[in-house]
Amino acid sequence: MLNDLMNRNREWSEKRYNADPGYFARLAAQQAPEFFWIGCSDSRVPANVVAGLDPGEVFVHRNVANVVHSADLNLLSALEFAVEALCVREIILCGHYGCGGVKAATEALPHGLADHWLEPIRRLARAYAVDLSQETDGEARRDRLAEFNVIEGVRRVAETPILQKAWANGADIRVHGLIYGLKDGRLRDLDCSIGPGHFEGKAAQ
Ligand code: CO
């Protein structure tokens, strides 16, 4: 299995090099991605592939169920680097329908450490219980909850001192919430973007 992977890598790198001999040298010299992607660890939702982006075009953080924990040093470190060092302009929080992490958060049975990780989604399920009860079946309820998780995550990213500071300094950064459909391979915009105007609005209140 590992040998197959190594062979595929060799073929890929040779193909890339042959198509463009300067390709790796350019990427090695610097990365200048326009996007920071926060997504689910699910193997079916790889940021570069579903967004049609090449190596070097998106800086990525993924975790189980794309949860934004306000004290997650891993996510915050990546976010800070993306905003302050890479100067990305677009932050994309991308969830997906059929998310196993969201499903686990709706189940009564214990999942070990994952239950701690998924706690914010359980909280959302309680907070939006009335909205979720409108959905006809369990799958639709979980998919709606996955959308709420993205919208909440966008708010949380926007509330971090990293974004607040960037906006206060005049940075033109937007945080977007998208959701990916495993069944059709399409990204949908959840229309919950937050940009510098929002920050100004909040500050003026
Ligand atoms: Co998932």
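The rules behind these values
Residues numbered from 1 in each chain as written. Predicted model: local features only at pLDDT ≥ 70, side-chain atom pairs only at ≥ 80, totals over all residues. Heavy atoms only, no water. Salt bridge = Lys/Arg side-chain N within 4 Å of Asp/Glu carboxyl O. Buried < 20%, exposed > 50% of the residue type's maximum accessible area, 1.4 Å probe, protein only. Helix = DSSP H or I, 4+ residues; strand = E, 2+ residues; numbered from the N terminus. Axes fitted to C-alpha atoms, helices over the stretch in contact; angles between N-to-C directions. Parallel < 35°, antiparallel > 145°, perpendicular 65-115°, else oblique. Left-handed = near helix turned anticlockwise from the far one by under 90°. Contact = heavy atoms within 4.5 Å. Domains from an automatic or database assignment. Polar contact = N/O pair within 3.5 Å; in protein donor to acceptor, adjacent residues only side chain to side chain. Patch = residues over 30% accessible without salt bridge, like charges linked within 9 Å, V, L, I, M, F, W, Y side chains within 5 Å. Areas by Shrake-Rupley, 256 points an atom, 1.4 Å probe, with all protein chains shown as cover. Pairing = 2+ DSSP bridges. Donors = N, O, S within 2.8 Å, 3.2 Å for Na, K, Ca; no water.

Asks: Help me get a handle on the pattern of salt bridges, residues and values and all.
Replies: Scanning all chains against the criterion turns up 16 salt bridges. Among the salt bridges present, the one from aspartate 20 reaches arginine 26, with a minimum N-O distance of 2.7 Å. A residue is classified by how much of its surface remains accessible, and aspartate 20, at 25% relative accessible area, is partly exposed. Salt-bridge contacts for glutamate 147 lead to arginine 144; the nearest nitrogen and oxygen are separated by 2.5 Å. A residue pair is termed a helical-turn pair when its members lie 3 or 4 positions apart in one helix, as glutamate 147 and arginine 144 do in helix 9 (residues 138-159) at three residues. Overall, glutamate 147 belongs to the buried group, its relative accessible area being 13%. Sharing partners across several salt bridges, the network here consists of Arg89, Asp172 and Arg174.

Asks: Go over the packing of helix 7 (residues 119-127) against helix 9, please, and point to the residues and values.
Replies: Contact geometry of helix 7 with helix 9 gives a least axis separation of 10 Å together with a crossing angle of 110°. Classified by the angle their axes make, helix 7 and helix 9 are roughly perpendicular. The chirality of how helix 7 crosses helix 9 is right-handed. On helix 9, the residues touching Ile121, Arg123, Leu124 and Ala125 of helix 7 are Leu145, Phe148, Asn149, Glu152 and Arg156.

Asks: How would you sum up the domain arrangement of the chain? Please name residues and give values.
Replies: Much of the literature gives interface size as the accessible area that the parts lose upon coming together. If you check the domain split of the chain, you get domain 1 (1-30) and domain 2 (33-199). The straight-line distance from the C-alpha centre of domain 1 to that of domain 2 is 30 Å.

Asks: Outline unusual backbone geometry, supporting the account with residue identities and numerical values.
Replies: Phi is positive for asparagine 66, which is not a glycine, with a value near 40°. Within the secondary structure, asparagine 66 is located in the loop between strand 2 (58-63) and helix 4 (73-85). The phi dihedral of cysteine 87 is positive, around 55°, even though this residue is not glycine. Locating cysteine 87 in the fold gives a position in the loop between helix 4 and strand 3 (90-96).

Asks: Let's hear about the side chain of asparagine 149: which residues, and what values?
Replies: With respect to the helices and strands, asparagine 149 occurs in helix 9. When its relative accessible area of 4% is taken as the criterion, asparagine 149 is described as buried. A distance of 2.8 Å separates a polar side-chain atom of asparagine 149 from the backbone oxygen of alanine 65.

Asks: Describe a nonpolar patch on the surface, naming the residues involved and giving the relevant values.
Replies: On the surface, a cluster of nonpolar side chains totalling about 310 Å² of accessible area is made up of Leu2, Leu5 and Met6. Relative to the assigned elements, leucine 2 resides in helix 1 (residues 2-19).

Asks: Outline the pairing of strand 1 (residues 35-40), listing residues and values.
Replies: Counting buried residues in strand 1 gives five out of six residues, a clear majority hidden from the surface. Of the pairings in the sheet, the one linking strand 1 to strand 2 comprises six bridges and is parallel in character. Looking across to strand 2, one finds that tryptophan 37 is bridged to valine 60. With five bridges connecting them, strand 1 and strand 3 associate as parallel partners. Across the sheet, residue isoleucine 38 finds its bridge partner in strand 3, namely leucine 93.

Asks: Before we move on, could you go through the coordination of the cobalt ion and cite the residues and values that matter?
Replies: All of the protein donors around the cobalt ion are Cys40 (SG), His96 (NE2) and Cys99 (SG); their distances to the metal are 2.0 to 2.3 Å. Each donor residue of the cobalt ion lies on one chain, and together they are spaced C-x55-H-x2-C. You can see cysteine 40 sitting in strand 1 and its partner histidine 96 sitting in strand 3, a full 56 residues away along the chain. Both residues of the pair, cysteine 40 and histidine 96, count as buried.

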